[in-house]
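# Topology and contacts: notes
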Amino acid sequence: MILNDLLQIKDQERAARKKTTLRCCMAAGCMSSDSKGVKEQLEKAVADAGLQDTVEVRGVGCMKLCCEGPLVQADPQNALYIKVTSENAPSIIAALKGGKAEAAQTDPDAAFFKKQLSIVLANSGVVDPDRIESYIALDGYQALHEVLHEMTPKDVVDTMVNSGLRGRGGAGFPTGLKWGTVAKSPGAKKYVICNADEGDPGAFMDRSVLESDPHAVLEGMAIAAYAVGADQGFIYVRAEYPLAITRLQTAIKQAKQLGVLGSGIFESPFNFTIDIRIGAGAFVCGEETALMASVEGKRGTPRPRPPFPAESGLFGCPTLINNVETFANVPAIYRNGAEWFAGIGTEKSKGTKVFALAGKIKNTGLIEVPMGTPLRTIVEEMGGGAPGGAKIKAVQTGGPSGGCIPSQHLDTPVDYESLGKLGSIMGSGGMIVMDESTRMVDVARFFMEFCMDESCGKCIPCRAGTVQMHNLLEKILDRRATPRDLLKLEELCDMVKNTSLCGLGQTAPNPTLSTLRFFRNEYEELLQPEAHGPKGNGEAKKQTLTT
Amino acid sequence: MIATPLHSKRNRLPAVLEHASGDKRFKILEVHMKKHQFRHDALIEVLHKAQELFGYLEDDLLLFVSYKLKLPPSRVYGVATFYHFFNLKPQGEHTCVVCMGTACYVKGADKVIAAIQDQTKIRPGETTPDNKVSLLTARCIGACGIAPAVVYDGTVNPRATPESAVKQIKKWTGT
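In this text, all values refer to a predicted model and were calculated from it rather than measured experimentally.

## Considering the overall build of chain A
From N to C terminus, chain A includes 24 helices and 14 strands. Projected onto the principal axes, the alpha-carbon positions of chain A cover approximately 90 × 65 × 40 Å. Relative to its full complement of 547 residues, chain A shows a buried share of 55%. Considering only contacts in chain A between residues 6 or more positions apart, those separated by 24 or more positions represent 73%.

In structure tokens, the structure reads:
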């Protein structure tokens, strides 16, 4: 494979384009509403109408507005059909010829779409994830070629540093710095791992990226591997995402066949292979050291850092671990330059962020916005507010490691620092909207139960602390707790936060702490007055100690 | 399973291997292990395959895996019990997985699961006495845009309600 071959595929694919394309969403959300049947019916209707030469029906990845699926977009007519069924799908073909479509439509220029800025999701809903040619037609793998032939690994790292990209997994560690550390670590064998263990309940960005544009992740990993000097990569995917796994397997196979993965990529001395590792349902495996233990076939328990994975990671070798979205940003950065990327976003948070908008909100789905976009724009303008005109009470970001941002802080710009100041985190991108009917103590208990179940049991603060905090929250919800219990809860939160081994325990108290900070009255309303008299007091004390 | 007295488990290996020689599924599993060159780090992959073949991971199966991969049984058992995805008990004819992710939860997944529990009289993780239905919960299946989601025998059902869930269960149990 040389550049000319790549350009030839690109030209062929572009020349084969037909006058009209019907893009049909084939991501997991729409698939569960029978988008496969819709696509079959569309293809049949095209054949019946004899339009095979002018109309292409293309299965694509996520088209973002998941709540209205299955979605079908007709171009160049710019018509977006929603909730299409296999019964009314043929009428869309009739509409192409001037008839009337029975399927409902929505405005593709609505705020939900117009306010987005797509880098990671640029190809999502456009390319056919099952065909590498479709990705190549949109300049795919050209960045990899350029990197391999025109840049030294050091240049590649420098470009990443200049772009200002920060880890999209949640913590926001500068990606360039991480790449530089792994590149400098001595060792003949190095690894690149893509963390696709998207365990946050309420987050589905990584799933969508893998299902919609798997090649962008593969290309990003290959560029990273060249920069750090690795020749083996792993993608650790959750077993709960069967479609993403299938699409990745197809993508890797096609990339190997074309020679953009494997040995001697683009006739350079660079070799790189990628294997998939399937998780088995453990939230803690999102933590990098636990994830590596799991790739090694062990129980997914974290270990203390240092040594950091950049020095001693998988099988004791220097290892680069980045999140799916981080890798998906990489090809665009090398195609358009570090300056272009650094020009987007805020001073400290560059680029865009993908969020999975869900919960009590009108438009649920995927959005990608520049860093620094106010929460209000996302929730009210793009999301359309809570359904039925209910009042939005809070927005939860960061899943079980994050916090609840109350409605009075909706003007906060979305970036790593601003969210951190409010006691939440950027997290991987789950954004759950809650309205007045949501009880915040219940939310805190929900997340604590999650952390309690998912604690791996290695360190005591997390193993025992989450159980005790959960008991206290249950006690509060049952109206059996006293103000003393609330104090105890706060003490425990502080202790678990500061003494746990890994991120799971260190952040487990966050949802409780943030709801305590902004919705303390809801806790206090549930409290019972302290028992009176010395005897009663003693008993109360005894009880709390034994819970 | 954990409660099984230890002595009855001693020297199980010859019996396990003899049993395995007569079952095709063990052969397939061994081929899969060979594909991974019997590497220790392939343990989770092997267990995935074993569960796919047998439906659940029973003690003898784990013993077989540990013997073939040359790993101590404690390590295999430790891994199998650590990850939620592996079942150590047989599942019912049908499985119903209710997503309990945050998005599903705030949209009423708790009511859906309560209705199913009411109908089947079993709790999450259990199987009905007639072995028809297993009820499970998932942490998040990533279908938050169509919450609440329930997975019936591997097919995701969007926007579930207590009524729709009970209807599906009744269809399975024939009541």
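## Side note on the environment of Phe450 of chain A
Residues and elements named next belong to chain A. Along the polypeptide, Phe450 turns up in helix H18 (residues 440–454). Along the chain, Phe450 and Asn88 lie 362 residues apart, while their C-alpha atoms are 42 Å from each other. In this view, Phe450 contacts Pro201 and Pro400; residues no more than four positions away in its chain are not counted.

## Brief notes about the sheet that holds strand E5 (residues 104–106) of chain A
All names here are of chain A. Overall, mixed pairing links the five strands, which are arranged E2-E1-E3-E4-E5 in an open sheet. One side of each edge strand has no neighbouring strand; the edge strands of this open sheet are strand E2 (55–60) and E5. Taking the axes of each pair of neighbouring strands and ignoring which way they run, one obtains an average angle of 25 degrees across the sheet. Pairing between strand E1 (residues 20–25) and strand E3 (residues 72–75): four bridges, direction antiparallel. The partner of Cys24 across the bridge, within E3, is Val72. Those strands touched by helix H4 (residues 89–96) are E1, E2, E3 and strand E4 (79–82), and its axis lies near 15 degrees from that of E3.

## Some points on the pairing of strand E9 (residues 319–323) of chain A
Residues and elements named next belong to chain A. In terms of burial, E9 is a largely internal element, five of the five residues being buried. Of the two faces of E9, the one holding Thr319, Ile321 and Asn323 and the one holding Leu320 and Asn322 are both buried throughout. The sheet contact formed by strand E6 (residues 191–196) and E9 spans five bridges and is parallel. What sits directly across from Asn195, in E9, is Asn323.

## What about the interface of chain A and chain B?
Contact residues are listed per partner, giving 39 residues for chain A and 32 residues for chain B. Among the secondary structure elements, those contributing two or more residues to the side of chain A that touches chain B are helix H2 (28–31), helix H13 (288–295), strand E10 (352–359) and strand E14 (430–435) of chain A. With three residues, E10 of chain A is the largest single contributor of residues to the side of chain A that touches chain B. Looking at the side of chain A that touches chain B residue by residue, the classes come out as 17 nonpolar, 15 polar and seven charged.

## Quick look at the domain arrangement of chain A
As a measure of interface size, the accessible area lost when the parts come together is often cited. Residues and elements named next belong to chain A. Segmenting chain A into domains produces domain 1 (18–108), domain 2 (132–342), domain 3 (352–436) and domain 4 (441–546). Centre-to-centre separation of domain 1 and domain 2, based on C-alpha positions: 33 Å. Listed as interface residues are five residues of domain 1 and, on the opposing side, six residues of domain 2. Here the side of domain 1 that touches domain 2 is composed, by residue class, of four nonpolar, one polar and no charged.

## Quick notes on the nonpolar core
The biggest cluster of nonpolar side chains holds 220 residues, and the ones touching the most others in it are Ile193, Ile223 and Ala224 of chain A together with Cys99 and Ala149 of chain B. Considering each element in turn, this core owes the most residues, eleven residues, to helix H11 (residues 214–228) of chain A. Setting aside residues up to four positions removed in sequence, Ala224 of chain A forms contacts with Trp179, Val192, Leu320, Asn322, Phe327 and Val330 of chain A.

## Details of the sheet that holds strand E7 (residues 232–237) of chain A
All names here are of chain A. Within the open sheet, the four strands sit side by side as E8-E7-E6-E9. Their pairing is parallel. Unpaired on one side and paired on the other, strand E8 (273–278) and E9 mark the two borders of the sheet. Between one strand axis and the next, the sheet turns by 20 degrees as a mean value, whatever way the strands run. H11 rests against E6, E7, E8 and E9 of the sheet, and its axis sits at about 150 degrees to E6. This element, helix H12 (residues 242–258), spans E7 and E8 of the sheet and lies at about 165 degrees to E8.

## Topic: the packing of H18 of chain A against helix H22 (residues 510–518) of chain A
Residue and element names in this part refer to chain A. Interhelical geometry of H18 versus H22 gives an angle of 165 degrees and a closest axis separation of 8 Å. Accordingly, the angle class assigned to the pair H18 and H22 is roughly antiparallel. Of the two elements, H18 crosses H22, and the hand of that crossing is left-handed. Between H18, through Met440, Val441, Val443, Ala444, Phe447 and Met448, and H22, the contact on the second element is made entirely by Pro511, Thr512 and Thr515. Looking at the contact of H18 with H22 residue by residue, the classes come out as seven nonpolar, two polar and no charged.

## Topic: the domain arrangement of chain B
Structurally, chain B comprises domain 1 (6–82) and domain 2 (94–173). Between domain 1 of chain B and domain 2 of chain B, the C-alpha centre-to-centre distance is 31 Å.

## So, the pairing of E6 of chain A
All names here are of chain A. Of all six residues making up E6, six are buried, and the element is well covered by its neighbours. Relative to E7, E6 runs parallel, the two being bridged by six bridges. Each bridged residue has a counterpart across the sheet, and for Tyr191 the counterpart in E7 is Gln232.

## Here's the deal with the environment of Val120 of chain A
Residues and elements named next belong to chain A. Within the secondary structure layout, Val120 lies in the loop between helix H5 (111–114) and helix H6 (132–136). Here Val120 falls in the buried class, since 29 other C-beta atoms lie within 10 Å of it. Along the chain, Val120 and Tyr191 lie 71 residues apart, while their C-alpha atoms are 23 Å from each other.

## Section: unusual backbone geometry
Excluding glycine, residues mostly carry a negative phi; peptide bonds, for their part, are mostly trans. Residue and element names in this part refer to chain A. In this structure, Pro70 follows Gly69 across a cis peptide bond, with omega equal to -5 degrees. You can see Pro70 is positioned in the loop between E2 and E3. Of the consecutive residues Arg305 and Pro306, the connecting peptide bond is found in the cis state with omega at -5 degrees. Relative to the helices and strands, Pro306 resides in the loop between H13 and E9. Despite not being glycine, Arg479 shows a phi value in the positive range, around 60 degrees. Within the element layout of this structure, Arg479 appears in the loop between helix H19 (460–477) and helix H20 (483–499). C-beta crowding within 10 Å serves as the criterion here: with 10 such atoms nearby, Arg479 is assigned to the exposed category.

Rules used in this analysis
- Residues numbered from 1 in each chain as written.
- Chains lettered and ligands numbered in written order.
- Predicted model: local features only at pLDDT ≥ 70, side-chain atom pairs only at ≥ 80, totals over all residues.
- Helix = DSSP H or I, 4+ residues; strand = E, 2+ residues; numbered from the N terminus.
- Buried ≥ 20, exposed ≤ 12 C-beta atoms within 10 Å, placed from the backbone.
- Contact = placed C-beta atoms within 7 Å.
- Pairing = 2+ DSSP bridges.
- Axes fitted to C-alpha atoms, helices over the stretch in contact; angles between N-to-C directions.
- Nonpolar A, V, L, I, M, F, W, Y, C, P; charged D, E, K, R; others polar.
- Domains from an automatic or database assignment.
- Core = buried A, V, L, I, M, F, W, Y, C linked by C-beta atoms within 7 Å.
- Parallel < 35°, antiparallel > 145°, perpendicular 65-115°, else oblique.
- Left-handed = near helix turned anticlockwise from the far one by under 90°.

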